[in-house]
Amino acid sequence: MSSRIVIKIGSSSLTTDTGSLHKEAVAFFAAEIAALHAEGHEVLLVTSGAVAAGFGHIGYTSRPKLLHEKQAAAAVGQALLMQAYQQAFAGHEIKTAQILLTRTDFLNRKRMGNAIMTIDELLKQRVIPIINENDTVSVDELKFGDNDMLSALVAGFIKASKLLILTDTDGLYTADPRKQADAVKYDRIDEITEEIYAIAGGSGSAVGTGGMRSKVDAAKVATRGGVPVFVGRVLTQGDLKAAFYDRGKGTYFDTRLHSLPRKKQWLGFMSSPLGSVQVDLGAEKALLHDGHSLLPVGVQEVQGHFQAGDVIEVINVTGDVIGRGIVNYDEEQLRMIRGLSSQEVLKKLEGNMSRLEVVHRDEWITLK
Ligand SMILES: Nc1ncnc2c1ncn2[C@@H]1O[C@H](COP(=O)(O)OP(=O)(O)O)[C@@H](O)[C@H]1O
Ligand SMILES: N[C@@H](CCC(=O)OP(=O)(O)O)C(=O)O
């Protein structure tokens, strides 16, 4: 059966430390991807490497730190990167297309709808879409920065059956293996716990940015959206197929969840909550286990400044975020009615509200 596969390749796998493209590496990855493509799968490539491929060409001696220098390097490097991919894939008679996205594109449903339509058509025509962040127009506060999260969001939006995040290390270890020789590798991770986050340190290479931490963040989002993830290394011929067929050199993040509607993906991973409510144990159970909406009776505390229609976080009694939803009351109303039964709420507000639920089930995403 053919699948939709998103493959993300990091800067560290594609470029040299001195700021140029590793052409043999690009050719190798293209050959690996071509082998999967030949099996009939729909393949999308999310690639980093624009800054790392361009900074040497421009004359910088190391990866630039200032935004305008990074943007200049990316503008040079992106063209070099695409040229190398195009050439390498042409050798396998595969056509490629460039798609540059920003975080704000994901916030705008119309723009994302357009991007998805384009991607669908390219895949139908057997073209490989090659995606990167549009570094030239992305400002620092709104940047993905590394492409791990970008690949997770793309995988969720296009309902991929697998996300393969390729890097220079063969998976997630109990500590950075560059620094601790006795670190042990995780083969499979069923649940991304605090312990997993704690061990995933910063970037280890001179050209990459995210390190393992950003890969774990990306795996969390992808698996929550129903997409299983592989994080690891593809070094010799056949490694990519092995990674796809669950025999790869890396760590697998499993999921039993189904793919999420795009509206819920937006709510969970792209929206900015303007406040939070703390709920009691009964409300937590109703939301997490019984598939119910949040009612005023379960709300204990209200924080932040929000209006009806804004996104808020829901926190349990121990202070953990359990999910997000669209709130049906403004902060003042909610402070007045917290802890009240539905009948008491109706009386107090004299029916002056659009909905009784604080957060309706359809506008809720569990994040625990
Ligand atoms: N717990 C860990 N397990 C594995 N690698 C880790 C860990 N903590 C940090 N790292 C580092 O993360 C690096 C990969 O991240 P990064 O350099 O951002 O790669 P990429 O450019 O492929 O995104 C590895 O080279 C490794 O040194
Ligand atoms: N969009 C940037 C990605 C930067 C980056 O280093 O990402 P990564 O190698 O995935 O940690 C680029 O192409 O240079």
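What counts and what doesn't
Residues numbered from 1 in each chain as written. Chains lettered and ligands numbered in written order. Predicted model: local features only at pLDDT ≥ 70, side-chain atom pairs only at ≥ 80, totals over all residues. Heavy atoms only, no water. UniProt positions renumbered as here; feature names shortened; annotations may be inferred. Helix = DSSP H or I, 4+ residues; strand = E, 2+ residues; numbered from the N terminus. Rg over C-alpha atoms; globule rule 2.2 N^0.38 Å. Buried < 20%, exposed > 50% of the residue type's maximum accessible area, 1.4 Å probe, protein only. Contact = heavy atoms within 4.5 Å. Lys, Arg positive; Asp, Glu negative; His and termini not counted. Charge placed at Lys NZ, Arg CZ, Asp CG, Glu CD. Phe/Tyr/Trp six-rings, centres within 6.5 Å; stacked < 30°, edge-to-face > 60°. Lys NZ or Arg CZ within 6 Å of the ring centre and 35° of its normal. Axes fitted to C-alpha atoms, helices over the stretch in contact; angles between N-to-C directions. Parallel < 35°, antiparallel > 145°, perpendicular 65-115°, else oblique. Left-handed = near helix turned anticlockwise from the far one by under 90°. Nonpolar A, V, L, I, M, F, W, Y, C, P; charged D, E, K, R; others polar. Salt bridge = Lys/Arg side-chain N within 4 Å of Asp/Glu carboxyl O. Pairing = 2+ DSSP bridges. Polar contact = N/O pair within 3.5 Å; in protein donor to acceptor, adjacent residues only side chain to side chain.

The name an unreviewed UniProt entry gives the chain is Glutamate 5-kinase, with Paenibacillus gallinarum as the organism. In its Catalytic activity (unreviewed entry) section, UniProt records this for the chain: "L-glutamate + ATP = L-glutamyl 5-phosphate + ADP". The Sequence similarities (unreviewed entry) comment attached to the chain in UniProt states, word for word, "Belongs to the glutamate 5-kinase family."

(A) Representation of the overall build of the chain. What the chain contains, in helices and strands, is 14 helices and 13 strands. The C-alpha radius of gyration computed for the chain amounts to 23 Å, which stays within 12% of the reference 21 Å derived for 368 residues, consistent with globular compactness. Based on the C-alpha atoms only, the size of the chain along its principal axes is roughly 70 × 45 × 40 Å. Within the chain, the proportion of its 368 residues that are buried is 52%. Put simply, 72% of the contacts in the chain that link residues at least 6 apart link residues at least 24 apart. Side-chain charges of the chain comprise 41 positive and 44 negative groups, with the mean position of each set lying 4 Å from the other.

(B) Here's a closer look at the packing of aromatic side chains. Considering all chains together, one arrives at five aromatic pairs under this definition. Note on tyrosine 85 and phenylalanine 89: the rings are 6.2 Å apart at their centroids and 25 degrees apart in plane angle, and the pair reads as stacked. Of this pair, tyrosine 85 and phenylalanine 89 both sit in helix 4 (residues 67-90), four residues apart, roughly one helical turn. The ring of phenylalanine 244 has lysine 162 sitting right over it, with the charged end atom 5.1 Å from the ring centre.

(C) The packing of helix 7 (residues 148-157) against helix 9 (residues 211-224), seen in detail. Where helix 7 contacts helix 9, the two axes come as close as 8 Å, and the packing angle between them is 15 degrees. Accordingly, the angle class assigned to the pair helix 7 and helix 9 is roughly parallel. Here helix 7 runs over helix 9; the crossing is right-handed. Of helix 9, the residues touching helix 7 (which contributes Asp148, Met149, Ala152 and Leu153) are Gly211, Ser214, Lys215, Asp217, Ala218, Val221 and Ala222. Across the contact of helix 7 with helix 9, the residue classes break down as six nonpolar, two polar and three charged.

(D) Layout of the pattern of salt bridges. As enumerated under the stated definition, the model contains 18 salt bridges in all. Among the ionic pairs, arginine 335 bridges to glutamate 331, the shortest N-O distance being 2.9 Å. Here arginine 335 pairs with glutamate 331, and both are found in helix 13 (residues 331-337), just four residues apart, close to one helical turn. Glutamate 331 sits in the buried class, given a relative accessible area of 16%.

(E) Main features of the pairing of strand 2 (residues 42-47). Counted residue by residue, strand 2 has five buried out of six residues, so it is predominantly covered. In terms of strand pairing, strand 1 (residues 4-9) meets strand 2 through six bridges, oriented parallel. Bridged to isoleucine 7 within strand 2 is leucine 45.

(F) Just the UniProt feature "domain: PUA" (unreviewed entry) in the chain, in detail. UniProt records the feature "domain: PUA" (unreviewed entry) at residues 275-354, using the numbering of this structure. As annotated, residues 275-354 comprises 29% helix and 29% strand, and the C-alpha atoms at either end are separated by 20 Å.

(G) Region of the structure containing the UniProt feature "binding site: ATP" (unreviewed entry) in the chain. Mapped onto this structure's residue numbering, the UniProt feature "binding site: ATP" (unreviewed entry) falls at Lys8, Thr167, Asp168, Thr209, Gly210, Gly211, Met212, Arg213, Ser214 and Lys215. With respect to the element layout, serine 214 can be found in helix 9. Setting aside chain neighbours within four positions, we find serine 214 in contact with Asp146 and Asp148. Polar side-chain contacts of serine 214 include one of 2.5 Å to the side chain of aspartate 148.

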